[in-house]
Amino acid sequence: MIGDFSPEEKDGFYKAVFSRRDVRSHFTSESIDEGILTRILNAAHHAPSVGFSQPWNFILIKNEETRKQVRDSFDKERIRASTLIEDPKRSKYLSLRLQGILDCAVNVCITYDPTKFGPFVIGRSSIPETGIYSVCCAIQNLWLAARAEGIGVGWVSILSNDDLKRILEIPDHVVPVAYLCLGHVSNFAEKPDLESAGWLPRLGLKDVIFYEKWNHENDPNWQQIHEMIVSNLDYA
Ligand SMILES: Cc1cc2nc3c(=O)[nH]c(=O)nc-3n(C[C@H](O)[C@H](O)[C@H](O)COP(=O)(O)O)c2cc1C
């Protein structure tokens, strides 16, 4: 069929999905080829967006001093967050490696500008958050394209948006949505770091599917797929 993916292309897509990782501690000092970085950014820019509003911008950051200021914000926020939990969870949280801001090749701040193309955006009037959702679609495109290019990405959200806005001179009406670390890696871990560290387990697909209505875990009209999902056989 025209437009279909070949089996190899499909495999490539799923390989990117399943081997994508959030990278914090495996960055190498190698720089990213500018052609590769451009392809990754262009993949992000081709994400879906509500009303085709393309409300994102990508601030590319190499400057060491800027990165140190962002790292300071991380250090502050990390300690603040740790006061919200008690030991032994607190010590465990503090032992986790949760950013690679200075170790990676490039930092990218991805922002949401609700004013792009004027106030009326098709589809955003009922659910204003769809603007931010669109930016998240771009982020996921970036993350997967980077994985296909062998580039690791780490999302750092333990930051103050006020700090980010000051450091990066972001105007008031623009929202920083993600602060990402991009770089070559020594390896892509097989499992999420937080799973390996015993912080949280991966849920089964069966634990997150409902049929027809909230909390309906079974339904006669969904028997076959239900059995496949529960037996964990064919889809993995
Ligand atoms: C919105 C968002 C914010 C995140 N913030 C952080 C962060 O501040 N530090 C960090 O180490 N990982 C962060 N992560 C990465 C998650 O911890 C990671 O995606 C999750 O543990 C699953 O691992 P995986 O991405 O390797 O599959 C963030 C991920 C998302 C989607």
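Along each chain, numbering runs from 1 in the same order as the chain's sequence is written. Local features are withheld for residues below a pLDDT of 70 in this predicted model, meaning they are given only at 70 or higher, and side-chain atom pairs are given and counted only at 80 or more; totals for whole chains, interfaces and linings count all residues. The basis for the side-chain values is all heavy atoms of the structure; hydrogens and waters are excluded.

Asker: Sorry, what's going on with the site of the ligand here?
Answerer: Residue proximity to a molecule or strand is established when one non-hydrogen atom of the residue lies within 4 Å of it. Inspection of the region around the ligand gives R20, R21, D22, R24, L98, W155, V156, S157, I158, P192 and L194 as its neighbouring residues. Between N or O atoms, a polar contact is any pair within 3.5 Å; within protein, one atom must be a potential hydrogen donor and the other a potential acceptor, and residues adjacent in sequence are included only when both atoms are from side chains. Note that a nitrogen atom of the ligand is positioned 3.0 Å from one of the backbone N or O atoms of L98. At 2.7 Å from an oxygen atom of the ligand is found a main-chain nitrogen or oxygen belonging to S157. Taken together, the residues of the shell around the ligand sort by class into six nonpolar, one polar and four charged. Note on residue classes: Ala, Val, Leu, Ile, Met, Phe, Trp, Tyr, Cys and Pro are nonpolar, Asp, Glu, Lys and Arg are charged, and everything else, Gly too, is polar.

Asker: Help me understand the pattern of salt bridges, please; the structure alone is not making it clear to me.
Answerer: Pairing between side chains becomes possible if they bear opposite charge and their charged atoms approach one another. The term salt bridge refers to a pairing of a side-chain nitrogen on Lys or Arg with a carboxyl oxygen on Asp or Glu at a separation within 4 Å. One pass over the full model with this rule turns up 10 salt bridges. As a salt-bridge pair, R24 and D193 come within 3.9 Å of each other at their nearest N and O atoms. Of this pair, R24 sits in the loop between α1 (7-19) and α2 (34-45) while D193 sits in helix α7 (residues 193-196), placing them 169 residues apart in sequence. The classification of residues rests on relative accessible area computed with a 1.4 Å probe and restricted to protein chains. Under 20% of the type maximum is buried, over 50% is exposed, and intermediate values are partly exposed. What makes R24 buried here is its relative accessible area of 11%. Two residues, K206 and D207, come together in a salt bridge whose shortest N-O distance is 3.0 Å. Residue class for D207 comes out partly exposed when judged on its relative accessible area of 44%. Among the charged side chains, a salt-bridge network with shared partners connects D22, R24 and D193. Helix numbers and strand numbers start at the N terminus; a helix is a DSSP run of H or I with at least 4 residues, a strand a run of E with at least 2.

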